[in-house]
Amino acid sequence: MPARKREYDEDDVRVRPGRSSRPRTRTRPKHEDAVDALVITVDRGRYGCVREGGDDDIVVAMRARELGRKSVVVGDRVALVGDTSGAAGALARIVRIAERTSVLRRTADDDDTTPEGRLERVVVANAEQLVIVSALADPPPRTGFIDRCLVAAYDAGIEPLLCLTKNDLAGPEQVLDYYAELDLPYVLLRPDSDLDDLRARLAGRMSVLVGHSGVGKSTLVNRLVPAALRAVGVVSAIGKGRHTSTSAVALRLPRVGRRKDDPGWIIDTPGIRSFGLAHVSAESLLHGFPDLVEGTLDDQPHCDHMSADCTLEKWVAAGNADPRRLASYRRLLSSRAGEPAGSGLTEEDASG
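So, a few notes on the structure that sits alongside this text. (Residues numbered from 1 in each chain as written. Predicted model: local features only at pLDDT ≥ 70, side-chain atom pairs only at ≥ 80, totals over all residues. Heavy atoms only, no water.)

As for the environment of Gly 211
Next up, step 1: As for its position among the elements, Gly 211 is in the loop between β11 (206-210) and α5 (217-224).
Next up, step 2: A residue is classified by how much of its surface remains accessible, and Gly 211, at 0% relative accessible area, is buried. (Helix = DSSP H or I, 4+ residues; strand = E, 2+ residues; numbered from the N terminus. Buried < 20%, exposed > 50% of the residue type's maximum accessible area, 1.4 Å probe, protein only.)

Some details on the packing of helix α2 (residues 143-156) against helix α8 (residues 323-336)
Next up, step 1: Direction vectors running N to C along α2 and α8 enclose 70°, while the axes themselves pass 11 Å from each other. Comparing their axes, α8 and α2 come out roughly perpendicular. Contacts between α2 and α8 involve Asp 147, Arg 148 and Val 151 from the former and Arg 325, Ser 328, Leu 332 and Ser 335 from the latter.
Next up, step 2: Split into classes, the residues belonging to the contact of α2 with α8 amount to two nonpolar, two polar and three charged. (Axes fitted to C-alpha atoms, helices over the stretch in contact; angles between N-to-C directions. Parallel < 35°, antiparallel > 145°, perpendicular 65-115°, else oblique. Contact = heavy atoms within 4.5 Å. Nonpolar A, V, L, I, M, F, W, Y, C, P; charged D, E, K, R; others polar.)

Digging into the packing of aromatic side chains
Next up, step 1: A complete count under the given rule lists two aromatic pairs for this structure.
Next up, step 2: Measuring from ring centre to ring centre gives 4.6 Å for Tyr 178 and Tyr 179, while their planes differ by 85°; the resulting arrangement is edge-to-face. Neither residue differs from the other here; Tyr 178 and Tyr 179 are each classed as buried.
Next up, step 3: Relative to Tyr 329, the ring of Phe 289 lies with its centre 5.3 Å away and its plane at 50°, an arrangement referred to as tilted. Of this pair, Phe 289 sits in the loop between β13 (265-268) and α7 (311-320) while Tyr 329 sits in helix α8; the two residues are 40 residues apart in sequence, bridging distant segments of the chain.
Next up, step 4: Here Phe 289 falls in the buried class, since its relative accessible area comes to 0%.
Next up, step 5: Of the residues examined, Tyr 329 reaches a relative accessible area of 1% and is grouped as buried. (Phe/Tyr/Trp six-rings, centres within 6.5 Å; stacked < 30°, edge-to-face > 60°.)

The structure is reproduced here in structure tokens:
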């Protein structure tokens, strides 16, 4: 008896999805063998990293596609796969970025209605201390710039440290008097002074140095890290770009004497001409002026602190705070609102 032909039904039909509708898996490799590292420089899509707990050999890496649009900046702690030997020509991949403990940001402009103000730039990640380097003379101290740095530091949850250089040319009394109510930590430096106090404040921490050109920041970095010029030269070759004075670079502080504690890291930034605060809300600007906070407690709702009838105005006039501090705060508020602060120079360029 001949075999009956099998009848087919819809269960036997398999439709292969087209390329455009084929489901994509969300499974991503776990990279359990990834090596933890610290990003010490960024240049043209290449990232110089050093392995955590290892030597200081620089591992050149690029971003893995799976990171998407996540940015990688100096100070980021990342996971690397691929060739992490640090050998010439080797290239690793950054597959993970650890959660940042802090992010120091700035904009080119204060006004978020301008293209420059909307362009938010991450200066560094994971910094614990912001070292504001200011000269006491040649150029004179610019308390407006220091105020901006303090606002950015407090907004980012980073502790500030005021580093006053060229103490051989002028005394610190004027600057210290201006910040007397803040209990702001500071160090005084001159060309021949030792750096023991500063090193003690940097030990075991990730510190970022900011300052105007000419205040002696580069000289200070070279004193703290005698091999800085050589290290920066090596880092510069990563992206075949310019000298890293145009970009941030992290440098491990050397051990001094027989001390075995972690000397810490410093992140040297290029000379900053402006420190825009468009990313900081008008309410948060007050974080940089803790000496004025008490005077705002009895303010009317939605007070802009600009009126002569403002409670803060009367409180300062009664001798509770330095009028110069209120003037600086109001200049920042005006600049934040897009109003010019006077001449072509912003208040950060004005001396105290």
